[in-house]
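# Chain and residue survey
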Amino acid sequence: MAFVELKNLNKFYPISGAEDFQALKDVNLSLDKGELVSIVGESGSGKSTLMNLLGGLDSQFSGEITIDGQNMSTFREKDFVNYHKEKIGFVFQSFNLVSHLSVLDNVTLAMTLSNVDKKTRIARAREVLKQLGLEAQYKKKPSQLSGGQKQRVAIARALVNDPDIIIADEPTGALDSQTTDQVLDIIQDIAKTGKLVIMVTHSEKVAARSTRVVTIDDGKIIGDIRQGELALHDNAFGLQQKSKSKNLTFLAAIRLALLNMKEKLARNILIALGGSIGIMSIIVMLSLGEGVNDYLTETMNANVNPLVSEVRMPIVIETNNSSENADSSMMIMTPAGAEIPAGSAPSGPPAGVTQSDPFGEENLEELRNIPHVAEVNLAYSSLTIGSDNVIYEGEKYAFMNFGTTSGMTDSNILYGAFPEEGEILITEGVANQMAGTAEEAIGKEVTLDVTVDGESLEKNYVISGIYSAGQAIGAFESVYMSADSFETLTAENNLEVEPNVVYLVSDDPDNTQAIKDEVAALGYRGSSADALASTFTQMLDIFTYILSGVAGISLFVSAIMILTVLYISVVERTQEIGVIKAIGGRKKDIRRIFVSESFLIGLFSGLLGVGIAYLITIVGNIIVENLFDTAILNMTPAFAVFGIVTSVIISMVAGLMPAQKAARLDPVEALRHD
Ligand code: ADP
Ligand code: MG
């Protein structure tokens, strides 16, 4: 039995809307190793059809093709892959070299697909290239070679896996006569090593150098002439049988994708830039959320005891002019100005005094009964304009906010200590004015002049420490004393002052929020700090929604963009895909190459997005720090990782369809050049 046997081979091409076209009609042919067979015939006679069937690029036929005793009708995808890897080498009229790969990479491609180790790969490729007179060219790109050199590279690629059969469809069709001779010499040499070489040709001169000429006309064999034999000799190409074929590794696929992307560098940079916008928006958004959250938490924790909830009576609008019940604050972050009634300009005592309503006994009872409230601390606080002063060495230093220290934490003390009986805390501004520096003021004796319940009270106190409003914005100059000191002060003046601020101490920090919620449900007001924080959080939420919208849209756009670009890439690389299939690349390998490309695009977009986001956080923080004295963008490593992973996932999902399309390409279509 001959090495290749064709029996009653028929080929029909389906034509839509018409009868099938029969391109091969009952072809019978036996071919053996060591033969150099020329297939001749007019254009359209069926030569390429026959080659494609023989080479296993087209598996639709009727009749029988037997290669080395194996019936091709029984082949499955895996068998075709092995057939291409081990038995067949293709040489095409238009060379079909992969333009973005070097000569060496073109020749080693088949071995890369089989995961032959790099050293063996290069050694074998260089050996073959050397025998074909290309040792000086292996680093060049195909575009830097002449036609004859290109075809020799293609022959090297066909030979490198040491196949039994070389199929050459018009290998000299694109060459001038001198290079035709060179290539024919090589092809003859190949046949002499005991391979079966089948070549399609138009040229009589070419046909004359073969051992056998088969003539096809209109799909039928009309002539088969043997014309001498070749003097067979040993394996001139010195190739030992290759190792069992394995598969394309992911790393090799990445390298192939990288080589292709490098070829279209500008385009890929632009794509990555476009893709990075969405990722950047997400990261900036997350960083902003994190930064603001950090800032709020820090501010709150620095100034507010996590166990304590501040409570005030609800605002009741009275028509009585001078005792309007606007907010007052003994704590931090009173939204300045807004809460000072316009009608309370200083026009003599007790003008300009604003304070919350006092708590009645029933209110206190109600608050005491809130679950998890362990302690109820009563306090007093008032906000005045123009009437409260610290008098030191005969000079008056005005302050606006007066209150008791109930509910303060150690972190509210910038310098010095909590005030004992007969002592007060003052804010830094007042201290600076009266003593030059805050520390200087500590220990100084001053006269305090405050208006309580419409009465102007005076008493001497020692400054025990400096009150810090933390990072709070818009804190008023303030004076604080302990609740006991306050009681003494009012008692000495025969005043009975009800508490207008209550601090509820929770049994556990985790229960503080529940207490705050209950306080709100009962109709009381919480601290202005809480109110400010929640306004802030709401604003941040709105901002986050807007940014997520932007991020979402740009991620979607970049996914579409990547999809489009990969589709274009598939079209551009059609020929390469055909070559890969012809030399034994599986669908899976081709998919892998394209998935690698989308992985790389995703990775680069992600990295770029993270980089840009990082720059934005740096610049943004510098700007915000100038305005508010605090950084507001906090980009954590987790956000960077999240951004890159998101980018890679989106890109790979977008790449699935193009990769699938590439894997399904028909190699005959892909390699056709008309
Ligand atoms: P050759 O290589 O000898 O020039 P081909 O084998 O390419 O000829 O084509 C043989 C005949 O089959 C031609 O008439 C051609 O039009 C037809 N043919 C080739 N490929 C297809 C196809 N995919 N669909 C339909 N007809 C085809
Ligand atoms: Mg043809």
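For the structure itself, look to the data block above.
Presented here is a report on the structure given in the accompanying data block. (Residues numbered from 1 in each chain as written. Chains lettered and ligands numbered in written order. Predicted model: local features only at pLDDT ≥ 70, side-chain atom pairs only at ≥ 80, totals over all residues. Heavy atoms only, no water.)

### Considering the overall build of the protein
A tally of helices and strands in the protein yields 19 helices and 23 strands. Looking at the protein residue by residue over its 674 residues, the buried ones come to 53%. Long-range pairs, those at least 24 residues apart, make up 78% of the contacts in the protein between residues at least 6 apart in sequence. On the protein, roughly 30,100 Å² of surface is accessible, and the fraction owed to carbon and sulfur atoms is 55%. (Helix = DSSP H or I, 4+ residues; strand = E, 2+ residues; numbered from the N terminus. Buried < 20%, exposed > 50% of the residue type's maximum accessible area, 1.4 Å probe, protein only. Contact = heavy atoms within 4.5 Å. Areas by Shrake-Rupley, 256 points an atom, 1.4 Å probe, with all protein chains shown as cover.)

### A look at the pairing of strand β16 (residues 395-398)
Bridge count between strand β15 (residues 389-392) and β16: 4 bridges; the pairing is antiparallel. Looking at β16, one finds that N389 is bridged to A398. From the end of β15 to the start of β16, which pair antiparallel, there are 2 residues, and E393 there has a positive phi angle of about 50 degrees. (Pairing = 2+ DSSP bridges.)

### Looking at the pattern of salt bridges
The full count for this structure, using the stated rule, is 23 salt bridges. Taking the shortest distance from any N to any O, the salt bridge between D589 and R586 comes out at 2.7 Å. Each member of the pair, D589 together with R586, is buried. Connected through shared salt-bridge partners, E35, R212, D224 and R226 make up one network. (Salt bridge = Lys/Arg side-chain N within 4 Å of Asp/Glu carboxyl O.)

### Side note on the sheet that holds strand β4 (residues 62-67)
Sheets are built from strands that pair by backbone hydrogen bonding, the pairs being arranged parallel or antiparallel. Taken together, 4 strands build an open sheet; the order of strands is β2-β1-β4-β5 and the sheet is antiparallel. Every other strand in the sheet has two partners, leaving β2 (21-31) and β5 (70-71) as the edge strands with one partner each. Strand direction decides the pairing type here: β4 and β5, joined by 2 bridges, are antiparallel. Opposite T66, over in β5, you have N71 as the bridge partner. Its contacts with the sheet put helix α1 (residues 47-54) on β1 (4-13), β2 and β4, and the angle it makes with β1 is roughly 120 degrees. (Axes fitted to C-alpha atoms, helices over the stretch in contact; angles between N-to-C directions.)

### Section: the layout of surface pockets
The computed volume of the largest pocket comes to approximately 900 Å³. Contributing to the lining of the largest pocket are 35 residues, with S48, N52, D169, V668 and R672 lying nearest its centre. Grouping the constituent residues of the lining of the largest pocket by class yields 13 nonpolar, 13 polar and 9 charged. Looking at which domains feed residues into the lining of the largest pocket, each of domain 1 (4-246) and domain 2 (263-300 + 536-672) gives three or more. (1 Å grid on protein atoms, 1.4 Å probe; cavity = no way out; pocket = protein on both sides within 12 Å on 5 of 7 lines; lining within 4 Å. Points joined across faces, edges and corners; volume = space filled by probe spheres on them. Nonpolar A, V, L, I, M, F, W, Y, C, P; charged D, E, K, R; others polar. Domains from an automatic or database assignment.)

### Description of the environment of L6
Residue position: L6 is located in strand β1. Taking the C-alpha atoms as reference, L6 lies 8.8 Å from L54; in sequence the two are 48 residues apart. Other than its neighbours up to four places away in sequence, L6 contacts V27, N28, L29, L50, L54, E64 and I65.

### Quick word on the site of ligand 1
In the region of ligand 1, 13 residues are neighbours, and G44, G46, K47, S48 and T49 sit closest. Within the side chain of S48, a nitrogen or oxygen atom sits 2.7 Å from an oxygen atom of ligand 1. A distance of 2.5 Å separates an oxygen atom of ligand 1 from a polar side-chain atom of T49. Protein chains bury 69% of the 560 Å² of accessible surface belonging to ligand 1 in isolation. Elements supplying a minimum of two residues to the shell around ligand 1: β2 and α1. With 3 residues, the top contributor of residues to the shell around ligand 1 is α1. Taken together, the residues that form the shell around ligand 1 break down as 4 nonpolar, 6 polar and 3 charged. (Near = heavy atom within 4 Å. Polar contact = N/O pair within 3.5 Å; in protein donor to acceptor, adjacent residues only side chain to side chain.)

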